[in-house]
Number of protein chains: 2
Amino acid sequence: MNNHYLNQECSFEKVPKNIVKKNSCCSPWLNFFNQQSAEHQIFSLKQHDVLIFDANSTLYIILAGCLIVKKVFRNRKKIILNLLTSEDTFGHTQFASSHFYYEVEAIDVAQIVSIEYSTIMSICQNHHKFSVFFIDHLLLCSIKANRFMEIISHKSITNRLVSLLLLLSEHNGISQSNGIFLNLAITHRVLAQIIGSNRVSITRIMSELVQTKLISIQKKKVIIHDPILLSQRFFK
Amino acid sequence: MNNHYLNQECSFEKVPKNIVKKNSCCSPWLNFFNQQSAEHQIFSLKQHDVLIFDANSTLYIILAGCLIVKKVFRNRKKIILNLLTSEDTFGHTQFASSHFYYEVEAIDVAQIVSIEYSTIMSICQNHHKFSVFFIDHLLLCSIKANRFMEIISHKSITNRLVSLLLLLSEHNGISQSNGIFLNLAITHRVLAQIIGSNRVSITRIMSELVQTKLISIQKKKVIIHDPILLSQRFFK
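Residues numbered from 1 in each chain as written. Chains lettered and ligands numbered in written order. Predicted model: local features only at pLDDT ≥ 70, side-chain atom pairs only at ≥ 80, totals over all residues. Heavy atoms only, no water.

Taking an unreviewed UniProt entry as the reference, chain A is identified by name as Ycf28 belonging to Porphyra umbilicalis. You can read under Subcellular location (unreviewed entry) in the UniProt record for chain A the words "Plastid". (UniProt positions renumbered as here; feature names shortened; annotations may be inferred.)

Here you go:
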């Protein structure tokens, strides 16, 4: 079996299923699953790979990478619902509607674990430490979802973009001598899609941020020189 | 003690603390808390009462009513983050920042239970059935938060308003012979605030919906005659 179809009827993309070992030592999820001998699968997504979930009960855990969750209506209109990064989860409950379905798109390479929701609940039943870990995770998810909501709540596109860059710096940032490096190959088109704008506006605002030395670009990736200054400049 | 201050420094409003018994028979939360003799408080909010939570670790459970969650920045700018109805929870984790705090505003009378987060986690430790109940609740919350995100994701104010009315009909609607009655005294100003618009636009769109017989108004409350038709008219 070389392909992993999340929904046989609607799947847009075939997702290669590669067993990835490199994160298994450091992910608390995998530690729990291995301890409990719980059946799960690990696979990787390339940039722009899409997973569809509309009527399954599988929990997906992101080991690495960055993805956007979209609701897709029958008329093909798509709404961005959330931005997911490492340790986030999605698809954890039953969805059943003929009017819409959900999909996630990898905006950079990503590694994901999938596990049946029934398996998760059975681990919760037998392993109290996991229940508490899962509750803590879900509480954290609700805060992260609020953070994404904040981005969209801004009326100004510049404020939305700055807010998104700050969120990405928290979740995907690597601290280095000249600031926080966003280790994420994300195009202006995708940034526009996330904040409900267009590529031309994103390119203009990014150029202004570069000119005012708040950010710089290194090998197509963003460096935020001083996240506190950037935040103060726009939100104080 | 006649007043309940959620934050001694910032509290805008004094919230009368009345022990309310009428929901205790039907709320699974109260059943669990009573079973476990867990210390908790029940109090009621009037329309426009505000609770502030910026550095506490209390979980609030809504027994009845409808509230909006806002993030308030130091410059007093407010962002609406979520709309909460019966059985929803808020304030369940630590917040500590000098730049912002959170508040909830009752948009109609509401009844709320407060319980220390540490008490919740201790019930989880000792009472497995509660852990599973709490996990199911948190999973449901994430879906509900997505529904609110959808409202804000629409660019058209009409679509936002229709989407909000449909969400309210699901959570606060009472089925009656001529449609779904929104049992909620919610002003056009508050509707405008929730969807990021102004009172004049809301009044105009509501009048259009009344003229096209999609909704009608009864004692200042909305009746949606056919939610499926309303949804199809705007989102298909």
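Trainee: So what's going on with helix H2 (residues 117-126) of chain A? Which residues, and what values?
Mentor: For H2(A), the full list of buried residues reads Tyr117(A), Thr119(A), Ile120(A), Met121(A), Ile123(A) and Cys124(A). In the core, the buried residues of H2(A) are packed alongside helix H1 (28-35), strand E5 (58-64), strand E10 (110-116) and helix H3 (128-153) of chain A together with helix H3 (128-153) of chain B. (Buried < 20%, exposed > 50% of the residue type's maximum accessible area, 1.4 Å probe, protein only. Helix = DSSP H or I, 4+ residues; strand = E, 2+ residues; numbered from the N terminus. Contact = heavy atoms within 4.5 Å.)

Trainee: If you had to explain unusual backbone geometry to someone new, which residues and values would you point to?
Mentor: All names here are of chain B. You will see that Lys213, though not glycine, has its phi angle at about 60°, which is positive. Using a relative accessible area of 66% as the deciding quantity, one classes Lys213 as exposed. Phi at Lys219 is positive, roughly 50°, even though this residue is not glycine. Among the secondary structure elements, Lys219 is positioned in the loop between strand E13 (215-218) and strand E14 (221-224). On the basis of relative accessibility, which here comes to 77%, the residue Lys219 falls in the exposed class.

Trainee: Describe in detail the relation of the copies chain B and chain A, supporting the description with residues and values.
Mentor: Each copy of the sequence occupies a distinct position, and chain B is placed on chain A by a rotation of 180° and an axial shift of 0.0 Å, giving an RMSD of 0.0 Å. Here the copies are linked by what is in effect a two-fold axis. Interface overlap between copies is the fraction of interface residues in one copy that are interface residues in the other; for chain B against chain A it reaches 100%, indicating a shared surface. (Least-squares fit on C-alpha atoms with pLDDT ≥ 70 in both.)

Trainee: Pulling in residues and values, what's your account of the environment of Thr212(A)?
Mentor: Residues and elements named next belong to chain A. Assignment of secondary structure puts Thr212 in the loop between helix H6 (199-211) and strand E13 (215-218). Relative accessible area serves as the criterion here: at 46%, Thr212 is assigned to the partly exposed category. A polar contact is formed between the side chain of Thr212 and the backbone oxygen of Glu208, at a distance of 2.9 Å. (Polar contact = N/O pair within 3.5 Å; in protein donor to acceptor, adjacent residues only side chain to side chain.)

Trainee: Just give me the short version of the interface of chain B and chain A, but keep the residues and values in it.
Mentor: If you look at the interface, chain B gives 39 residues, while chain A gives 39 residues. Taking both sides of the interface into account, the surface hidden between chain B and chain A amounts to around 3,600 Å²; carbon and sulfur atoms contribute 67%. When the buried surface of chain B facing chain A is broken down by residue, Ile135(B), Leu139(B) and Met149(B) rank first, second and third, together holding 17% of it. Summed over the shared surface of chain B and chain A, the number is 2 salt bridges. One salt bridge in this structure joins Glu150(A) and Lys71(B), with 2.6 Å as the shortest N-O distance. Across the chain B-chain A interface, the total number found is 11 residue pairs in polar contact (both at pLDDT 80 or more). Counting only elements with at least two residues in the side of chain B that touches chain A, the list comes to strand E6 (66-73), strand E7 (78-85), helix H2 (117-126) and H3 of chain B. In terms of residue count, the dominant contributor to the side of chain B that touches chain A is H3(B) (18 residues). Grouping the constituent residues of the side of chain B that touches chain A by class yields 19 nonpolar, 12 polar and 8 charged. (Buried area = accessible area lost by both parts, 1.4 Å probe. Salt bridge = Lys/Arg side-chain N within 4 Å of Asp/Glu carboxyl O. Nonpolar A, V, L, I, M, F, W, Y, C, P; charged D, E, K, R; others polar.)

Trainee: Help me get a handle on the sheet that holds strand E7 (residues 78-85) of chain A, residues and values and all.
Mentor: Here 4 strands make up an open sheet; going across it, the order is E4-E9-E6-E7 (chain A) and the pairing antiparallel. Each having just a single partner strand, strand E4 (50-53) and E7 of chain A make up the two edges of the open sheet. Strand-to-strand twist of the sheet, defined as the mean angle between neighbouring strand axes without regard to direction, takes the value 25°. Alignment of strand E6 (residues 66-73) of chain A against E7(A), held across 7 bridges, turns out to be antiparallel. From the neighbouring strand, Val69(A) faces E7(A), where its bridge partner is Asn82(A). Here H3(B) sits on the sheet and contacts E6 and E7 of chain A; the angle it forms with E7(A), its principal contact strand, is near 125°. (Pairing = 2+ DSSP bridges. Axes fitted to C-alpha atoms, helices over the stretch in contact; angles between N-to-C directions.)

Trainee: How would you sum up the side chain of Asn172(B)? Please name residues and give values.
Mentor: All names here are of chain B. Take Asn172: it is sitting in helix H4 (residues 157-172). By relative accessible area, which is 13% here, Asn172 ends up buried. Excluding residues within four positions of it along the chain, Asn172 makes contact with Gly65, Cys66, Thr85, Phe181, Leu182, Asn183 and Leu184.

Trainee: Could you give an account of the nonpolar core, with specific residues and numbers?
Mentor: Membership of the largest hydrophobic core comes to 104 residues, with the highest contact counts inside it found for Leu83(A), Ile194(A), Leu83(B) and Ile194(B). If you look at the next biggest cluster of nonpolar residues, it comprises 44 residues, including Ala38(A), Leu63(B), Cys124(B) and Val132(B). (Core = buried A, V, L, I, M, F, W, Y, C linked by side-chain atoms within 4.5 Å.)

Trainee: Outline the confidence of the model for chain A, supporting the account with residue identities and numerical values.
Mentor: Overall, the predicted model of chain A reaches an average pLDDT of 82, with 85% of residues at or above 70. Confidence, expressed as mean pLDDT per element, reaches its minimum in chain A at strand E1 (residues 3-4) of chain A with 34 and its maximum at H6(A) with 97. (pLDDT = per-residue confidence, 0-100.)

Trainee: Please set out the sheet that holds strand E8 (residues 89-90) of chain B residue by residue, giving values where relevant.
Mentor: All names here are of chain B. The strand order across the open sheet built from 4 strands is E3-E10-E5-E8, with neighbouring strands paired in antiparallel fashion. Sheet topology places strand E3 (41-45) and E8 at the edges, where each strand pairs with a single neighbour. Sheet topology places E3 next to strand E10 (residues 110-116); 5 bridges connect them, and they run antiparallel. Each residue of the ladder has a partner; that of Ile42, found in E10, is Val113.

Trainee: With reference to specific residues and values, describe the environment of Leu214(B).
Mentor: All names here are of chain B. Examined against the element boundaries, Leu214 turns out to sit in the loop between helix H6 (199-211) and E13. Given the relative accessible area of 4%, Leu214 is considered buried. C-alpha separation for the pair Leu214 and Ile224, spaced 10 residues apart in sequence, amounts to 6.4 Å.

Trainee: Lay out the packing of H3(A) against helix H4 (residues 157-172) of chain A in plain terms, naming residues and giving numbers.
Mentor: Residues and elements named next belong to chain A. Two numbers describe how H3 lies on H4: the axes approach to 8 Å, and their chain directions differ by 155°. Overall, the two elements H3 and H4 adopt an arrangement that is roughly antiparallel. Side by side, H3 and H4 meet where Lys144, Arg147, Ile151 and Ile152 of the first sit next to Arg160, Ser163, Leu164, Leu167, Glu170 and His171 of the second. (Parallel < 35°, antiparallel > 145°, perpendicular 65-115°, else oblique.)

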